[in-house]
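Results of the structural survey
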Amino acid sequence: MAHHSRPFSPLSPRVHPINYGAIPSTFLPTFTIESHSSNGGNGNENDVIIIQPLSDEQVRRATVVHGKNKIAVKNDQVWYKVLFHALSHPFNILLAILGIATILTGDNQGGSVMFIMVLLSTMLRFWQEWKAAAAAQSLKSMVKTLVRVTRLYSCSEIHDLTPSEVVRMDIPTEDVVPGDLVHLSAGDLVPADVRVLESKDLFVSQATLTGEAMPVEKFGASSDAMVAWRQRDVRDKVANSTIPSGALSIPVPVEIPDMNIPSRSYSVTPLDAAGGDHRFSMISFMEAVKRSVLACFGIRRFKFESNAHKQTEVNLGHPNICFMGTSVVSGTATVLVEKIGSETYFGAMAKELSKRRPENAFQLGVRNISWVFFALMALMVPPVLLINGLTHQSWTDAALFALSVAVGLTPEMLPVIVNSTLARGAYLMSKKRCIVKNLDAIINLGSMDVLCTDKTGTLTENKVALIHHLDFHGESSILPLQLAFLNSHFQTGLRNLLDTAVIEYFMKTVMGLPTHQKLGPHLTSDAVTFASRYQKIDEIPFDFVRRRMSVVLKNTLDNQAMFVSKGAIVEILRICTHIVVPRHRNPDLGDLQMATEGQTEPPLDRLVGVASDTIKPLTPDKIARLVDMDKELNHDGLRVVAVAYCELDMVKSNYGISDECNMVFAGLITFLDPPKESAGPAIKEILSLGVEVKVLTGDSAAVCRKVCQEIGLPVKSVVTTDDLVGRDDEHIASIAHEATIFARLTPVQKSQVIGALKQSDRVVGFLGDGINDASALTEADVGISVDTATDIAKESADVILLEKSLNVVAESILMGRTTYGNTLKYIVMGISSNFGNVFSILVASLWLPFLPMLPIHILIQNMLYDLSQTTIPWDKMDNEFLRVPHRWNIWMILRFMVFMGPWSSIFDITTFLFMWFYFHIQSPSNTAGVTLFQTAWFTEGALTQLLVIHIIRSPKIPFVQTIAARPVIVSSLIISVVVLALPYISVFRDSLTMVELPAIFYAYLVTALSSYFIVTQFAKTMYLHTYKTWF
């Protein structure tokens, strides 16, 4: 195992300068790689490779050569692809076929209208999808994933650093380039294909690539100086590549520093000041020309020079390689970036992975509705063709009319309405500080009826404060506090709020000595040097199975080494054989109580001594006392962490989990994370929305119950990890249904609980932000995380909250239900209206000796109706609809169609009767009369369809109990005016074959529309009485 020659401070800020200054290169960070000499044994046993971090210029050059660290398949938004997607929709294809057929039958005017509808539909869909994609990308850009790298240059805002200094900084993942030195710890996503230089208990989850749930261990660099060869190969490609003219202007080239490798000799040609070698070795000249031409049209092509990334040839189990898209489960590592973006294995597989993504329930529902429309058309168009052909003896007219009916039954605006509604929902949710990564997740939010959430930061303030540091007697003791501080200060893995609380408490309360000046001012300066007296030898990072972490330290004064561990009390007790039991208590020392007898002034500049006779065997009765103490503290809402140590007689370079044994239990430290003031009202609001709340936490059951009681969350039962071990899926489903609190859960158990709830036909949302939440976020119907979450949590989530608050979740649920309701409005309006029109057309075909409406009339009427519905995404939902979760139900839609659709046919038939008997239009030879008949039904049919929008949008009485949003009202009024004005505008009247309507017809029209309004309200009442729901 290799180590840095000098460690970085675990308290490093976002950009942390390393004060190497003018230190010779031999003292720069080094990686020791065991190498088998090839010179007859004259080489060193170990080759020491000095790997220089990249400079500013090298990063820029690498960015030009390799591009950004992005997967082009996911993020590319090319205009012609969006346009092709909008044009190739099945409904457009159908319209185009019908248009061609109409033109071939001699109706050029009708065919032109169909192609105009294709054009309008395509452009509108293109515009909406382009805006939706742009908005989604813009929202995603608000959530940045950062990675920590070491480079040779400083950021512009750090004025006290020079470009020659080594800087550790956090940068966006997309800015990583080949050759970068990246530092990984638990919870990080691997940003590229990387080679491990050094590692410590590094376990990586490769489930995204292999499907295997168990993490695999990765190790540091292998023999024969593989890292040097790899890094030199990467840098040689960059150094020997000529940047295309105008791509980048670098005023002062900097020589790539050679790596000092003993017993080996390499030469690196520095970059020429005039531009160096003008051969672009990465790609051929012709390939460069092709790329340039294609780039003019927004096309990017990535040419792989080998088959190294084929799935059958890539060794995903290589112990020295980590792949992009995988995540660090535990441990730490320093890695060298080799491939980025589309050059990675994950990038090469991205297209195939995107093809395999399964459709969710909403996508399947929309697709099924489309097939319902097609089936309706396939069933009704042939009878209309046959009846009109046989009745009128004109198969040409019958074919034209049947084609027009097919168009009228086609919901060509369905994709537009759905995309517009989802895009607007995402936009409104962004205003509520909620970023939607997956638009379909908005629908799932509205359907959610169970919300599983973690405790820390969601129900609590996420501001942990250290409250007590206690010995075996439950009295204040400085020993566990000092040990906890050393553990938190020197660990470099996954730092959490508890570590921060320990460090802040120790630094401010004890070392600052604001209330302990009586102990002597001489202690102040000594106390500051406490941490500097220790040097870290090794550490064993935290993981969610052991639930503890350890550091190995050496006292620089006496060279005494010791093992310090802290973690869950049960897990610490497992590795302890002895315990510190103080003999006396000295109340005068209060918070600085010592474990040693006779001390009057605690030596804060060094670790408290422990008398040998105070170290007792850890017997079962002592364990029982500690467990009882833990329970009592938990019932007070305190989280308890245990601390243990042991002195080491022999020191070695590497330590593992097996070394965590035979330790001495030092004491307890307690923390308080108070409940949020907003958590109670938010929980009440979520419960009122019909969403059950369950808490999934790694904390103790008692602490979680106390928090739930304080915020008013009813607790039905509590389940711990032991209750789930060994249970089958059926039992877990039963337990998950009844319980409210799930405590001490492992990551796998969180995922099991959510899976069990889904099997019970529940729509489950999960709110989490830790690496232990990643699998649960993926398993849930809608995964919710926060922008401050770990990388893997943010990548696994569908929705990112910019504020970790249940109030935001409650608002998002309402927004999801509004979006779902508006989407469903269009579907039920379109399918019920079309179903009613089918009956009317069948009756007219069987009865009338002429066409009740010209094909051009049907097309125009359908287009106007579609345009009036484009404002539905801006509509609002009734409060009663928003208070209840809603599930996608295809049978409900079909039931609604059958029940509500035929009512419009009654008034279509009354219009036929009125025109037949009052105006005596009964013969096709009465040309003027037939035109009047067709104009009248066009007007009545178009206005009833507009009225349907307001009748169906709510179960309440329109314009009385509920009013649509202003855009919907305005669009309805505009289309109504257009419908009424068409017969009076000569250009449209002549081109559409219409006539002006007599005044008596408008009297009938008002009566018919009023009657239709009353009858449909009666039908709504019957429907609600029968089915107890609207939609």
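Residues numbered from 1 in each chain as written. Predicted model: local features only at pLDDT ≥ 70, side-chain atom pairs only at ≥ 80, totals over all residues. Heavy atoms only, no water.

The name that an unreviewed UniProt entry assigns to the chain is Magnesium-transporting ATPase, P-type 1, with the source organism given as Linnemannia gamsii. Entered under Subcellular location (unreviewed entry) in the UniProt record, the comment concerning the chain runs "Cell inner membrane". (UniProt positions renumbered as here; feature names shortened; annotations may be inferred.)

With that settled, the discussion passes to the overall build of the chain. Helix and strand counts for the chain stand at 34 helices and 26 strands. The buried share of the chain, taken over its 1031 residues, is 55%. In the chain, once contacts between residues fewer than 6 apart in sequence are set aside, the share between residues at least 24 apart is 76%. Carbon and sulfur atoms make up 59% of the accessible area of the chain, which amounts to about 43900 Å² in all. (Helix = DSSP H or I, 4+ residues; strand = E, 2+ residues; numbered from the N terminus. Buried < 20%, exposed > 50% of the residue type's maximum accessible area, 1.4 Å probe, protein only. Contact = heavy atoms within 4.5 Å. Areas by Shrake-Rupley, 256 points an atom, 1.4 Å probe, with all protein chains shown as cover.)

Spatially, 8 strands are ordered β11-β26-β25-β24-β12-β21-β23-β22 in an open sheet, and the strand pairing comes out mixed. Of all the strands in the sheet, just β11 (434-436) and β22 (718-720) have a single pairing partner and so form its edges. On average, each strand axis in the sheet is inclined to that of its neighbour by 20°, with strand direction left out of account. When strand β12 (residues 450-453) meets strand β24 (residues 764-767), the two strands line up parallel, connected through 4 bridges. When the sheet's bridge partners are listed, Val450 is paired in β24 with Val764. (Pairing = 2+ DSSP bridges. Axes fitted to C-alpha atoms, helices over the stretch in contact; angles between N-to-C directions.)

Okay, the packing of aromatic side chains next. Overall, the coordinates contain 21 aromatic pairs when judged by the stated rule. Ring geometry for Phe485 and Phe506: centres 4.2 Å apart, planes at 15°, overall stacked. Highlighted residues: Phe485 in helix α14 (residues 478-490) and Phe506 in helix α15 (residues 497-511), separated in sequence by 21 residues. With a relative accessible area of 1%, Phe485 lands in the buried category. Ring centres of Phe914 and Tyr918 lie 5.1 Å apart, and the angle between their planes is 10°; this geometry places the pair in the stacked category. Pair noted here: Phe914 and Tyr918 are both in helix α30 (residues 903-918), with a separation of 4 residues, about one helical turn. When its relative accessible area of 16% is taken as the criterion, Phe914 is described as buried. (Phe/Tyr/Trp six-rings, centres within 6.5 Å; stacked < 30°, edge-to-face > 60°.)

What follows is about empty space enclosed by the protein. Applying the stated rule across the entire model yields 6 cavities of 30 Å³ or more. Counted as a void, the largest cavity has a volume near 360 Å³. Along the wall of the largest cavity there are 26 residues; nearest its centre are Ser833, Asn834, Asn837, Ser904 and Gln945. Going through the elements one at a time, α11 (395-408), α26 (806-847), α27 (855-869), α30, α31 (927-952) and α34 (999-1027) are the ones with two or more residues in the lining of the largest cavity. Sort the elements by how many residues they give to the lining of the largest cavity and α31 lands first, with 7 residues. Of the residues that constitute the lining of the largest cavity, the class distribution is 12 nonpolar, 13 polar and 1 charged. (1 Å grid on protein atoms, 1.4 Å probe; cavity = no way out; pocket = protein on both sides within 12 Å on 5 of 7 lines; lining within 4 Å. Points joined across faces, edges and corners; volume = space filled by probe spheres on them. Nonpolar A, V, L, I, M, F, W, Y, C, P; charged D, E, K, R; others polar.)

Inspection of the secondary structure puts Ser488 in helix α14. In this structure Ser488 comes out as buried when scored by relative accessible area, which is 0%. Only 2.8 Å separates the side chain of Ser488 from the side chain of Asp499, close enough to count as a polar contact. (Polar contact = N/O pair within 3.5 Å; in protein donor to acceptor, adjacent residues only side chain to side chain.)

Further remarks concern the pattern of salt bridges. For the coordinates displayed, the defined rule picks out 26 salt bridges. Here Arg762 and Asp449 are joined by a salt bridge, their closest N and O atoms 3.5 Å apart. Taken together, the residues span a long stretch of sequence, with Arg762 in the loop between α23 (747-759) and β24 and Asp449 in the loop between α13 (441-447) and β12 at a distance of 313 residues. You can call Arg762 buried: its relative accessible area is 16%. In this structure, Lys750 and Asp773 form a salt bridge, with 2.7 Å as the shortest nitrogen-oxygen distance. Placement of Lys750 in helix α23 and of Asp773 in the loop between β24 and α24 (774-779) is noted, with a sequence separation of 23 residues between them. A single burial state applies to Lys750 and to Asp773, both of which are buried. A single salt-bridge network, built from bridges that share partners, covers Asp449, Glu692, Lys694, Lys716 and Arg762. (Salt bridge = Lys/Arg side-chain N within 4 Å of Asp/Glu carboxyl O.)

We now examine a nonpolar patch on the surface. Among the surface-exposed residues, Ile100, Ile103, Leu104 and Phe115 lie close enough to one another that they form a single nonpolar patch of about 380 Å² accessible area. No other element matches the 3 residues that helix α4 (residues 90-104) contributes to the nonpolar patch. (Patch = residues over 30% accessible without salt bridge, like charges linked within 9 Å, V, L, I, M, F, W, Y side chains within 5 Å.)

Now for the nonpolar core. If you look at the biggest cluster of nonpolar residues, it comprises 150 residues, and the most contacted ones within it are Leu801, Leu806, Ile860 and Phe1031. Element by element, the count of residues in this core is highest for α26, at 18 residues. Among residues more than four places away in sequence, those in contact with Leu806 are Leu451, Thr458, Leu459, Ala682, Ile683, Ile686 and Leu767. Of all hydrophobic cores here, the second largest spans 33 residues; its members include Leu486, Phe490, Val580 and Val664. (Core = buried A, V, L, I, M, F, W, Y, C linked by side-chain atoms within 4.5 Å.)

In contact at an axis separation of 8 Å, helix α19 (residues 679-688) and α26 are set at 25° when each is read in the N-to-C sense. By the criterion of interaxial angle, the relationship of α19 to α26 is roughly parallel. Relative to α26, the crossing made by α19 is left-handed. Counting all contacts with α19, which are made through Ala682, Ile683, Glu685 and Ile686, the residues of α26 involved are Leu806, Asn807, Val809, Ala810 and Leu814. (Parallel < 35°, antiparallel > 145°, perpendicular 65-115°, else oblique. Left-handed = near helix turned anticlockwise from the far one by under 90°.)

Looking at where Asn862 falls in the secondary structure, it is placed in helix α27. Taking the C-alpha atoms as reference points, Asn862 and Asn834, separated by 28 residues in sequence, lie 9.9 Å from one another.

Moving on: the environment of Thr927. Structurally, the position occupied by Thr927 is in helix α31. Each C-alpha atom of the pair Thr927 and Phe850 lies 10.0 Å from the other, and the pair is 77 residues apart in sequence.

Across the interface, α31 lies against α34 with an axial gap of 11 Å and an inter-helix angle of 35°. The crossing of α31 and α34 is right-handed. Where α31 approaches α34, its residues Ala936, Thr939, Glu940, Leu943, Thr944, Leu947, Val948 and Ile951 are matched on the opposing element by Phe1001, Leu1005, Leu1009, Tyr1012, Phe1013, Thr1016, Gln1017 and Lys1020. A per-class count over the contact of α31 with α34 returns 10 nonpolar, 4 polar and 2 charged.

This part is about the confidence of the model for the chain. Chain-level pLDDT for the chain is 75 on average; 73% of the residues reach the 70-or-more range. The lowest-confidence element of the chain is strand β1 (residues 15-18), averaging 38 in pLDDT; the highest-confidence one is helix α32 (residues 966-981), averaging 95. Note on residues 155-161: pLDDT is under 50 here. Beyond four places in sequence and across chains, it has 7 contacts. Between residues 353-358, whose pLDDT stays under 50, and residues either more than four places distant or in other chains, the model counts 4 contacts. (pLDDT = per-residue confidence, 0-100.)

This part takes up the environment of Gly341. With respect to the helices and strands, Gly341 occurs in the loop between β10 (327-339) and α9 (345-355). Along the primary structure Gly341 and Met324 are separated by 17 residues, whereas in three dimensions their C-alpha atoms are 8.6 Å apart.

Let's shift gears to the side chain of Asn320. Relative to the elements of secondary structure, Asn320 occurs in the loop between α8 (285-296) and β9 (321-322). A distance of 2.6 Å separates the side chain of Asn320 from the side chain of Arg195, its partner in a polar contact.

Although it is not a glycine, Asn662 sits at a positive phi angle of roughly 55°. Assignment of secondary structure puts Asn662 in the loop between β19 (639-648) and β20 (663-672). In this structure Asn662 comes out as exposed when scored by relative accessible area, which is 55%. Here the phi dihedral of Thr993 falls at roughly 55°; this positive angle occurs in a residue that is not glycine. Position of Thr993 among the secondary structure elements: in the loop between α33 (986-991) and α34. Residue class for Thr993 comes out partly exposed when judged on its relative accessible area of 35%.

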